[in-house]
Amino acid sequence: MNQSAFEKIYEVVKQIPYGQVATYGQIAAIAGNQRWARVVGYALHANPNPDEIPCYRVVNKEGRVSDAFAFGGGNRQVALLKAEGVEFIDGHVDMKRYQWERPGY
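Residues numbered from 1 in each chain as written. Predicted model: local features only at pLDDT ≥ 70, side-chain atom pairs only at ≥ 80, totals over all residues. Heavy atoms only, no water.

### What about the overall build of the protein chain?
Here is step 1: Check the secondary structure of the protein chain and you find five helices and four strands.
Here is step 2: Reading the protein chain from its N terminus to its C terminus gives the helix and strand order α-β-α-α-β-α-β-β-α.
Here is step 3: A compact globule built from 105 residues would reach a C-alpha radius of gyration of about 13 Å, and the protein chain, at 12 Å, matches this within 12%.
Here is step 4: Counting only carbon and sulfur atoms, one obtains 46% of the accessible surface of the protein chain, whose full area is about 6100 Å².
Here is step 5: When the 12 basic and 11 acidic side-chain charges of the protein chain are each reduced to a single mean position, those positions are 5 Å apart. (Helix = DSSP H or I, 4+ residues; strand = E, 2+ residues; numbered from the N terminus. Rg over C-alpha atoms; globule rule 2.2 N^0.38 Å. Areas by Shrake-Rupley, 256 points an atom, 1.4 Å probe, with all protein chains shown as cover. Lys, Arg positive; Asp, Glu negative; His and termini not counted. Charge placed at Lys NZ, Arg CZ, Asp CG, Glu CD.)

Written out as structure tokens, the structure reads:
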């Protein structure tokens, strides 16, 4: 994993709109390598600028938040998403309503 991979990931995460989420795999594919889902997790955990890179908008494919969310745990991630109007069903994001559909992807 080199810094350029992390930079690509951060650039994609910055594009996720307010009130929407993306999956680790989705970020990986858009960043250039669909096998980078785990790398996306590493990159987000090392996020150098949480105010600019909204890593809390990244969830797993089932819409679940990370218990290891680097900036306050899973409950903090849920709170941040709910503050943007994202709704949860049985503990996970309603992906049909809130998953980011990136134009051209």
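### Remarks on the nonpolar core
Here is step 1: Within the largest apolar cluster, 21 residues are counted, with the highest numbers of intra-cluster contacts made by Ile-9, Val-13, Ile-16, Ile-27, Trp-36 and Trp-100.
Here is step 2: No other element matches helix α1 (residues 3–13), which puts six residues into this core.
Here is step 3: Ignoring anything within four residues of it in the chain, the contact list for Ile-9 reads Ile-27, Ala-31, Trp-36, Val-39, Val-40 and Ala-43.
Here is step 4: Val-59, Val-78, Val-86 and Tyr-98 belong to the second largest nonpolar core, which has 11 residues in total. (Core = buried A, V, L, I, M, F, W, Y, C linked by side-chain atoms within 4.5 Å. Buried < 20%, exposed > 50% of the residue type's maximum accessible area, 1.4 Å probe, protein only. Contact = heavy atoms within 4.5 Å.)

### So, the confidence of the model for the protein chain
Here is step 1: Across the protein chain, the average pLDDT comes to 91, with 90% of residues at or above 70.
Here is step 2: Mean pLDDT across the secondary structure elements of the protein chain bottoms out at helix α4 (residues 73–83), with 88, and peaks at strand β1 (residues 22–23), with 98. (pLDDT = per-residue confidence, 0-100.)

### Some details on unusual backbone geometry
Here is step 1: Phi is positive for Asp-90, which is not a glycine, with a value near 50°.
Here is step 2: Along the chain, Asp-90 falls in the loop between β3 (88–89) and β4 (92–93).
Here is step 3: A relative accessible area of 71% means that Asp-90 is categorised as exposed.

### A word on helix α2 (residues 24–31)
Here is step 1: Listing the buried residues of α2 in full gives Gln-26, Ile-27, Ala-28, Ile-30 and Ala-31.
Here is step 2: Positive backbone phi, at 120°, marks Gly-32, one or two positions downstream of α2.

### Observations concerning the packing of aromatic side chains
The description of an aromatic ring pair rests on the distance of the ring centres and on the angle between the ring planes.
Here is step 1: All chains considered together, the criterion is met by one aromatic pair.
Here is step 2: With a centroid separation of 6.2 Å and 70° between ring planes, the pair formed by Phe-6 and Tyr-10 is classed as edge-to-face. Remark: Tyr-10 and Phe-6 occur in helix α1; sequence separation between them is four residues, near one turn of the helix. With respect to burial, Phe-6 and Tyr-10 carry one shared label: buried. (Phe/Tyr/Trp six-rings, centres within 6.5 Å; stacked < 30°, edge-to-face > 60°.)

### Observations concerning the pattern of salt bridges
Here is step 1: Counted under the stated rule, the structure contains four salt bridges.
Here is step 2: A salt bridge links Lys-14 to Glu-11, with the nearest nitrogen and oxygen atoms 3.2 Å apart.
Here is step 3: The class of Glu-11 is partly exposed, set by a relative accessible area of 41%.
Here is step 4: Across the pair Arg-57 and Glu-84 runs a salt bridge whose closest N-O atoms are separated by 2.7 Å. (Salt bridge = Lys/Arg side-chain N within 4 Å of Asp/Glu carboxyl O.)

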